[in-house]
Amino acid sequence: MGLRTVYTVLDEAAAKFGGALALHQPYSSAGKTRYRAWSWVEYRDAAREIACGLRRLGAVRGDIVALDSQTRAEFYLANIGIMAAGCVSAALYTSLPSVDLVQTLRSCNAKLVFAEDAKTMAALCDAGAGALPLQWVLLTGDGEDAITLEQLRTLGRDALQADPEYFHRLSSEITDADPAILYLTSGATGEPKMGLVTHCALTSNMAMGPKVLPVGPEDSALVFLPSAHIAQRVVLELVPIPLGLPVWFSESLNKLPHELKTIRPTLFLAPPRVWERMYSTLYTELRKRPALVRKLFYGAVGLGLEAAKCLQEGRPLPGWMRAPLKLADALVFRNVRQRWGGRLRVAASGAAPLSKDLALFYAAIGMPLIEGYGLTEGGIVSVNPIDRPRPGSIGKALPGVEVVIADDGELLVRSPCLFLGYYNDPQATAEVLRDGWLHTGDLGEIGPDGYIRITGRKKELIVSSSGKKIFPSHIESLFKVEPIVSHVFPIGDRMPYVTALLTINPAVAAALPGGDTAGAVFAEVGKVIARVNRQLPSFERIRKFRILDRDFSIEYGELTPTMKLRRGRLLENFRALIDELYGAKAEFAE
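First things first, this report covers the structure right here in the doc.

What counts, and where the lines are drawn
- Residues numbered from 1 in each chain as written.
- Predicted model: local features only at pLDDT ≥ 70, side-chain atom pairs only at ≥ 80, totals over all residues.
- Heavy atoms only, no water.
- Helix = DSSP H or I, 4+ residues; strand = E, 2+ residues; numbered from the N terminus.
- Buried < 20%, exposed > 50% of the residue type's maximum accessible area, 1.4 Å probe, protein only.
- Contact = heavy atoms within 4.5 Å.
- Areas by Shrake-Rupley, 256 points an atom, 1.4 Å probe, with all protein chains shown as cover.
- Lys, Arg positive; Asp, Glu negative; His and termini not counted.
- Charge placed at Lys NZ, Arg CZ, Asp CG, Glu CD.
- Right-handed = clockwise from strand over helix to strand, strands pointing away.
- Pairing = 2+ DSSP bridges.
- Salt bridge = Lys/Arg side-chain N within 4 Å of Asp/Glu carboxyl O.
- 1 Å grid on protein atoms, 1.4 Å probe; cavity = no way out; pocket = protein on both sides within 12 Å on 5 of 7 lines; lining within 4 Å.
- Points joined across faces, edges and corners; volume = space filled by probe spheres on them.
- Nonpolar A, V, L, I, M, F, W, Y, C, P; charged D, E, K, R; others polar.
- Phe/Tyr/Trp six-rings, centres within 6.5 Å; stacked < 30°, edge-to-face > 60°.
- Core = buried A, V, L, I, M, F, W, Y, C linked by side-chain atoms within 4.5 Å.
- Axes fitted to C-alpha atoms, helices over the stretch in contact; angles between N-to-C directions.
- Left-handed = near helix turned anticlockwise from the far one by under 90°.
- Expected span 1.5 Å × (residues − 1).
- Arc of directions from axis to C-beta.

Points about the overall build of the protein chain
Item 1. Looking only at helices and strands, the protein chain has 21 helices and 27 strands in total.
Item 2. Dimensions along the principal axes, computed over C-alpha positions, put the protein chain at roughly 80 × 55 × 50 Å.
Item 3. The buried share among the 590 residues of the protein chain stands at 55%.
Item 4. Pairs at least 24 apart in sequence give 66% of the contacts found in the protein chain among residues at least 6 apart.
Item 5. Looking at the protein chain as shown, the accessible area adds up to about 25,100 Å², and 54% of this sits on carbon and sulfur atoms.
Item 6. Both charge centroids of the protein chain, one from 67 positive and one from 63 negative side chains, sit 8 Å from each other.

Right under this line is the structure:
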């Protein structure tokens, strides 16, 4: 085995943490939720057996092995086992239609698929995977034309018993320069691509974790994000290994609020969409409380914002603020934080940009969100310092990562974590990897203290007919603290003014004083637009808007699996409505 691979890091963790519990998978028994646990040694042994089993099935170094499963313990075991066999692990986005997943299997020339269960396998086969030359392994349960995970492990154990050097020989073929993961990009600004990442890139990123994350065996993480995404795969699967951080798997999104209260994690990573929903739920409930309670809450948040500002600027709290802040925490904030279990030390946001105003709210209640930045092609690049996060910033570059701003404002990254390239697409690779630097496509700024701020995407820039440059992500971020709004899509490229399509949060709409009637909703959204416009320069203000009768969806190609807007598809799907927006007088004057 050449230098360090992902498996060697797990092997070291097993030696260090031994019988301590690493993974906790929920299952139902007699109507109750129970957990099946794996120790670090069992985790390591399972990965080794899976690796040997794959070789016995005929897999060879460099073969691509796909996984179609929700994030669960068996996924972790299989993922490391695939890489330990010298194969390339390719996780599919489970939220995409089966026909799209089959196209991915075909495009990446997968040799074998780990499916979550027989139902998942059947959906893929019905969509066309049955005609592909694939071998199948079921992570849970059993079914026809497939072997179970336990049967695969048995193959591996038999191989090791017959030849104790079997794993050593196969692992000695693998080097840290070998590809380990094939990521499918989410395709927010174009068609999805597939990015190859080496063992060296992954282990380099894993080694950076202990330097910025103060967590260990006494902590716990609750995970639910899709494993096809780098935030889940690196931050919540790979980085916990050298830290000895125990991982608990969520049973479902519906059960997540209850799990937060019962598992009481100390680390929780979620996309902004989840933090927005939790904020919206809180404020919807608050609207139903007596006026005195609302006044107390708003006053406490105002005080918390002032305290958070002092901490972010490195200033001590004024003497007059200490007592009332302590009272606000006891009466208000502590109860709010109990929604996340009350033990959360690292509340992190990733996978999409976080609104500055939303980050300020969480900082005010004593639970600052730690925002980071990463991408398929560059690994995890930056993170806010745990003790001094800055709302609106993606933090500072990780140790060993270089970040610079090009002349045109683009963020460039150089580090040992860069990807190998796009699968079978040297031209696309050459466009983003130049002279050792990754051209991220993001526009940003770096302050004198090293904090990095993303200002927009190069491909998403709106240029009005008067030549004004507008970043839609900035406009969108201002709506993140408006509970009534689910999504907003600003429009205005080559047009005289900005318009927007909006979708509504039905639970919040139902709680409006006038109910969720069209008139009440339109009036409330009008107030929201007015509030947002007051924060924007004249040329960025929304002049007209339309409220859609449905939310944007992955099914219609309007959202990526990570809930980012696919602007090109939205323009196509709502072309007639957009044309109407520019055919009449603006609804909001200068």
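Points about the pairing of strand β14 (residues 369–375)
Note on strand geometry: in a regular strand, side chains alternate between the two faces of the sheet.
Item 1. Across the seven residues of β14, five count as buried, placing the element largely inside the fold.
Item 2. With helix α15 (residues 356–364) bridging strand β13 (residues 346–349) and the parallel β14, this β-α-β connection has right-handed handedness.
Item 3. Note: β14 against strand β15 (residues 379–383), four bridges, orientation antiparallel. For Tyr 373, the partnering residue across the bridge sits in β15 and is Ser 382.
Item 4. The antiparallel hairpin formed by β14 and β15 contains three residues in its connecting segment.

Considering the pattern of salt bridges
Item 1. Under the criterion given, the structure shown has 34 salt bridges.
Item 2. Two residues, Glu 12 and Arg 4, come together in a salt bridge whose shortest N-O distance is 2.6 Å.
Item 3. Note on Glu 12: relative accessible area 40%, which makes it partly exposed.
Item 4. Measuring nitrogen to oxygen at the nearest pair gives 3.3 Å for the salt bridge that ties Glu 251 to Lys 255.
Item 5. Because the salt bridges share partners, they merge into one network encompassing Asp 11, Arg 44, Asp 45 and Arg 48.

Here's the deal with empty space enclosed by the protein
Item 1. The full count for this structure, using the stated rule, is three cavities of 30 Å³ or more.
Item 2. Approximately 70 Å³ is the volume found for the largest cavity.
Item 3. Surrounding the largest cavity, Gln 312, Leu 354, Ala 359, Ala 363, Pro 368, Leu 369, Glu 371, Asn 384, Pro 389, Arg 390, Pro 391 and Ser 393 form its lining.
Item 4. For the lining of the largest cavity, the elements supplying multiple residues, two or more each, are α15 and β14.
Item 5. A per-class count over the lining of the largest cavity returns seven nonpolar, three polar and two charged.

Examining the layout of surface pockets
Item 1. The calculated volume of the second largest pocket comes to roughly 1,100 Å³.
Item 2. Surrounding the second largest pocket, 39 residues form its lining, Phe 224, Ser 252, Leu 253, Leu 256 and Val 274 being those nearest its centre.
Item 3. Those elements that provide at least two residues to the lining of the second largest pocket are β1 (21–29), α11 (256–263) and α12 (272–287).
Item 4. Considering every element that reaches the lining of the second largest pocket, the biggest residue donor is α12, with five residues.
Item 5. Tallied by class, the residues present in the lining of the second largest pocket amount to 20 nonpolar, twelve polar and seven charged.

A word on the packing of aromatic side chains
For any pair of aromatic rings, the description consists of the separation of the ring centres together with the inter-plane angle of the planes.
Item 1. Going through the model one piece at a time under the given rule, you end up with 21 aromatic pairs.
Item 2. Seen in terms of ring centroids, Phe 268 and Trp 275 are 5.7 Å apart; in terms of plane orientation they differ by 75°. Their pairing is edge-to-face.
Item 3. Residue classification places Phe 268 among the buried residues on the basis of a relative accessible area of 0%.
Item 4. Centre to centre, the rings of Phe 419 and Tyr 422 are 4.9 Å apart; their planes meet at 70°, and the pair counts as edge-to-face. Neither residue differs from the other here; Phe 419 and Tyr 422 are each classed as buried.

Details of the nonpolar core
Item 1. Ranked by size, the top nonpolar core spans 172 residues in total, and within it Phe 114, Phe 268, Trp 275 and Tyr 362 carry the most contacts.
Item 2. The element best represented in this core is helix α3 (residues 73–84), accounting for nine residues.
Item 3. With near-sequence residues (within four places) excluded, Phe 114 lies in contact with Ile 50, Leu 54, Val 65, Ala 66, Leu 67, Asp 68, Ala 78, Ile 82, Val 137, Leu 139, Leu 149 and Leu 152.
Item 4. In terms of nonpolar packing, the next biggest core, distinct from the first, is built from 23 residues, Ile 462, Ile 484, Val 488 and Ile 542 among them.

Quick notes on the side chain of Thr 148
Item 1. Along the chain, the position of Thr 148 falls in strand β7 (residues 147–148).
Item 2. If we skip the residues at most four places from it in the chain, Thr 148 touches Val 137, Leu 138, Gly 141 and Asp 142.

Concerning the packing of α12 against α15
Item 1. Two elements in contact, α12 and α15, have axes whose closest approach is 11 Å; the angle formed by their N-to-C orientations is 60°. Relative to α15, α12 is oriented so that their crossing is left-handed. Across from Pro 272, Trp 275, Glu 276, Met 278, Tyr 279, Leu 282 and Tyr 283 in α12, the residues of α15 making contact are Leu 358, Phe 361 and Tyr 362.
Item 2. Here the residues of the contact of α12 with α15 are counted per class, giving nine nonpolar, no polar and one charged.

A few points about helix α13 (residues 291–312)
Item 1. For α13, which comprises 22 residues, the first-to-last C-alpha distance of 31 Å matches the rise-based estimate of 32 Å (1.5 Å per residue) to within 8%.
Item 2. Among all positions of α13, only Phe 297, Ala 300, Val 301, Leu 303, Gly 304, Ala 307, Ala 308, Cys 310 and Gln 312 are buried.
Item 3. Of the surrounding secondary structure, the elements contacted by the buried residues of α13 are α12, α14 (319–337) and α15.
Item 4. Just downstream of α13, Gly 314 is the residue with a positive phi angle, here 75°.

A short note on helix α4 (residues 98–107)
Item 1. Among all positions of α4, only Leu 101, Val 102, Thr 104 and Leu 105 are buried. Burial along α4 is one-sided: seen end-on, the buried residues are contained in an arc of 155°.
Item 2. Tucked inside the fold, the buried residues of α4 contact β3 (64–68), β5 (112–115), α5 (118–126), β8 (179–184) and β9 (194–198).
Item 3. Just downstream of α4 lies Asn 109, where phi reads positive at about 60°.

Remember, this is a structural readout, not a statement about activity or role.
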